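One-letter residues, chain by chain:
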Amino acid sequence: MKGVNATSRPEAAFVLLLMQATFWFLAGISALPFVLGGEVYMLLLAAFSFALAGFTVWSGMEVVWRRTWARRAVLVLEWTCLIGSLLMLALPIGANRGPVSLLVNSVLPFAVILLLRGKAVRNQFGTPRSVTG
Amino acid sequence: MYDVAPTHAIGLYAALIFLPLAVLVVRRGRKHRTQPGTVQIACVLMAVTGVVHLSLIPDHLATDPLTSVLFLFNGVAFLALAGAVRWRWWRLSSAALLVATILGYLFYVDFRLEAPDQVGLATKVIEFAALGMVLVPVLNEKPMRDRPWYWALLASGLPALMLVSGTGVWIESLAHPDPRHVHAGATLQSTNVVPTSGQQAAATKLYEQTAAAIVPFQDWRQAWAAGYRPAGSTDMPSTHWFNKAYEKASVLDPQRPQGLVYANTHHGPVLLGAMFQMQRIGAFGPDPGGPLTAWHQHENICFTPIGLEFSLMTPYSTCPFGAIDVTAPAMLHVWIVDNPKGGPFAVDIDPAAVAAIDRT
């Protein structure tokens, strides 16, 4: 049964990536009313947020398909998010330190990293699609 | 929404204490060990949310017995489902309970039966994750007849539920802020409710001194010469101008306000008022006028260096890509133009007043 547990890790990571993408999508939507209020650059930020959300979902799907590049890309993304969120907590800028912020910005990326790291998981990636799919 | 309600804090402690226990039981238990990792994670998350619901019962029992009964049902059902992983209808029942709980919370918030707070929202985030883990089909698992349906439900249903919940909570929170959050993203200083005659006199004195001191800045060129610069887009109805030289000036000095506010009219910047600002985040300034001159602090705002623009942080504590979550030091405005919706020390200037100035 170890095999079953190990192979479900990419699927678990996909769920978390889907959640993360939705959080970013909502953040993108949240910028739009401010564009109407005259903050034109917020449109750029909204577009970046939507693009990031799309990339995250796509990478998540490719992780489920056990693509090596997707696992690497997701790990880079999540390490960046984790380091960024920890930096925000450390700097005296008054960033939110509530449980939701910790869950979404720190625990979630950390959980994805835990799910996709390690030799056992790495060995599952890069195998032909017909076998895994 | 961004605070932990004191009566809900016990839910956080209960979750943190119970989490290692739930992980241990799932990792060691015979029933759970043979299940896919996603199912194990779902069981841990459902057990945690069940304990959070149960821990909130004592506080709600006296004031809201119906909610206490619902919490009891929720808590027991989540714990039972976390244990009954081999049950034939486990997946369906777990998904149904999670969706019902999430929608129930949204109903409570939108019908103002409960104010959204960090414990409630964190519990929803845990429930979203649990729902995803329940729905996601896993390789090597016993083949599921409805596998494509589960994928479709997960890929469309989970984001839709998250967006509906997030926007529902957010709209309610912005439409009906509590008394200390009178304006989106701003927290008011705590003061006495009714101003004393001394406070009224002090507020009048502050207003008169400030209004007299900033008369020269009705010509924006004078403000520019004094070191004030626009901080943000001048395409907006109004813009704050800041003077870096006064950042560390004594607090509430009418001769040296840290900022000025100009309306961006078709005939150039028109002075609306002055703004005093503290140096440090988290400290409110001296409050000579009591409730009349309460300071406010903008919390959980998303700031982007691109164009020095702002937006508000979502209920899920995220900002648009390229913006960071910050809190601005406490500030106090003194409006020298007529501000019918809040008076001379209001958090915000009435947009209708700004529009009227633009039309003149």
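Residues numbered from 1 in each chain as written. Chains lettered and ligands numbered in written order. Predicted model: local features only at pLDDT ≥ 70, side-chain atom pairs only at ≥ 80, totals over all residues.

Brief notes about the overall build of chain B
When helices and strands are tallied, chain B shows eleven helices and ten strands. Over its C-alpha atoms chain B spans a radius of gyration of 26 Å, topping by over 25% the 21 Å that the globule rule assigns to 360 residues. Expressed as lengths along the three principal axes of its C-alpha atoms, the size of chain B is roughly 80 × 45 × 35 Å. Here the contacts in chain B between residues at least 6 apart in sequence split such that 64% fall between residues at least 24 apart. (Helix = DSSP H or I, 4+ residues; strand = E, 2+ residues; numbered from the N terminus. Rg over C-alpha atoms; globule rule 2.2 N^0.38 Å. Contact = placed C-beta atoms within 7 Å.)

Thoughts on the packing of helix 3 (residues 37-55) of chain B against helix 5 (residues 65-83) of chain B
All names here are of chain B. The interhelical angle for the contact between helix 3 and helix 5, taken along N-to-C directions, is 155°, at an axis separation of 8 Å. Taken as axis vectors, helix 3 and helix 5 run roughly antiparallel relative to one another. Relative to helix 5, the crossing made by helix 3 is left-handed. Seen from helix 3, the contacting residues are C43, M46, A47, T49, G50, V51, H53 and L54; seen from helix 5, they are F71, N74, G75, F78, L79, L81 and A82. Across the contact of helix 3 with helix 5, the residue classes tally to ten nonpolar, five polar and no charged. (Axes fitted to C-alpha atoms, helices over the stretch in contact; angles between N-to-C directions. Parallel < 35°, antiparallel > 145°, perpendicular 65-115°, else oblique. Left-handed = near helix turned anticlockwise from the far one by under 90°. Nonpolar A, V, L, I, M, F, W, Y, C, P; charged D, E, K, R; others polar.)

Thoughts on the pairing of strand 3 (residues 238-243) of chain B
All names here are of chain B. Summarising the sheet, strand 2 (residues 228-230) and strand 3 pair through three bridges and their orientation is antiparallel. Bridge assignment links R229 to a residue of strand 3, and that residue is F242. Looking at chain direction, strand 3 and strand 4 (residues 259-265) are connected through five bridges and run antiparallel. Counterpart to S238 in the pairing with strand 4 is A263. (Pairing = 2+ DSSP bridges.)

A closer look at helix 3 (residues 41-64) of chain A
An ideal rise of 1.5 Å per residue puts 34 Å on 24 residues; helix 3 of chain A measures up with 35 Å between its terminal C-alpha atoms. Taken together, the buried positions of helix 3 of chain A are occupied by M42, L45, A46, S49, L52, A53, T56, V57, S59, G60, V63 and V64 of chain A. Looking at the packing, one finds that the buried side of helix 3 of chain A touches helix 2 (9-36) and helix 4 (68-90) of chain A together with strand 7 (301-304) and strand 8 (309-312) of chain B. Immediately beyond the C-terminal end of helix 3 of chain A, within one or two residues, lies R66 of chain A, with a positive phi of roughly 60°. (Expected span 1.5 Å × (residues − 1). Buried ≥ 20, exposed ≤ 12 C-beta atoms within 10 Å, placed from the backbone.)

Comments concerning the interface of chain B and chain A
Contacts between the two partners involve 54 residues from chain B, matched on the other side by 48 residues from chain A. Among the elements of the structure, helix 3, helix 7 (118-135), helix 8 (147-175), strand 8 and strand 9 (324-326) of chain B are those that each provide at least two residues to the side of chain B that touches chain A. A per-element tally of the side of chain B that touches chain A places helix 7 of chain B first, with nine residues. Of the residues that constitute the side of chain B that touches chain A, the class distribution is 31 nonpolar, 17 polar and six charged.

A few points about the environment of D348 of chain B
Residue and element names in this part refer to chain B. Relative to the helices and strands, D348 is located in the loop between strand 10 (331-335) and helix 11 (351-359). Judged by C-beta crowding, with 16 C-beta atoms within 10 Å, D348 ranks as partly exposed. Spatially, the C-alpha atoms of D348 and L72 are 44 Å apart, while their sequence positions differ by 276 residues.

Description of unusual backbone geometry
Within the chain, R66 of chain A stands out as a residue other than glycine whose phi angle is a positive 60°. Within the element layout of this structure, R66 of chain A appears in the loop between helix 3 and helix 4. Accessibility expressed as a C-beta count within 10 Å gives 21 for R66 of chain A, which makes it buried. With phi around 60°, L252 of chain B is a residue other than glycine that occupies positive phi space.

Re the confidence of the model for chain A
All names here are of chain A. Overall, the prediction assigns chain A a mean pLDDT of 90, with 90% of residues at 70 or greater. Within chain A, the element-level pLDDT minimum falls on helix 7 (residues 129-132), averaging 44, and the maximum on helix 5 (residues 99-116), averaging 97. Low pLDDT, under 50, characterises residues 1-5; the predicted model gives this stretch eight contacts beyond four residues in sequence or across chains. (pLDDT = per-residue confidence, 0-100.)

Digging into the pairing of strand 10 of chain B
All names here are of chain B. The buried fraction of strand 10 is high, at five of five residues. Of the two faces of strand 10, both are covered, the one formed by M331, H333 and W335 as well as the one formed by L332 and V334. Direction of pairing for strand 5 (residues 268-277) relative to strand 10: antiparallel, over a ladder of five bridges. Its bridge partner lying in strand 10, A274 is registered against V334.

Side note on the confidence of the model for chain B
Residues at a pLDDT of 70 or more form 96% of chain B, whose mean pLDDT is 91. Our summary of model confidence lists the complex with pTM equal to 0.88 and ipTM equal to 0.92.

Topic: the domain arrangement of chain B
Where interface size is given, it is often the accessible area lost as the parts come together that is meant. The domain boundaries assigned to chain B delineate domain 1 (6-175) and domain 2 (186-359). Computed over C-alpha atoms only, the centres of domain 1 of chain B and domain 2 of chain B are separated by 43 Å. (Domains from an automatic or database assignment.)

What to know about the nonpolar core
Formed by 93 residues in total, the largest nonpolar core has its most connected members in A13 of chain A together with L45, A47, A129, A130 and M133 of chain B. In terms of domain composition, this core takes at least three residues from each of domain 1 (6-175) and domain 2 (186-359) of chain B. Ignoring sequence-local partners within four residues, the contact set of A13 of chain A consists of G60, V63, V74, V112, L115 and L116 of chain A. With 30 residues, the next largest nonpolar core counts F276, A330, M331 and W335 of chain B among its residues. (Core = buried A, V, L, I, M, F, W, Y, C linked by C-beta atoms within 7 Å.)

With respect to the packing of helix 7 of chain B against helix 8 of chain B
All names here are of chain B. Where helix 7 contacts helix 8, the two axes come as close as 9 Å, and the packing angle between them is 170°. In terms of their interaxial angle, helix 7 and helix 8 are classed as roughly antiparallel. Here L121, K124, F128, L131, G132 and L135 of helix 7 lie close against helix 8, whose contacting residues are Y150, L153, L154, L158, M162, S165 and V169.

Focus on the sheet that holds strand 9 of chain B
Residue and element names in this part refer to chain B. One open sheet holds the three strands; their spatial order is 8-7-9, and the pairing between them is antiparallel. For this open sheet the edge positions go to strand 8 and strand 9, each flanked by a neighbour on one side alone. Sheet twist, expressed as the average angle between the axes of neighbouring strands with direction ignored, equals 40°. As paired strands, strand 7 and strand 9 are joined by three bridges and run antiparallel to one another. Across the sheet, the residue bridging to I301 is V326, located in strand 9.

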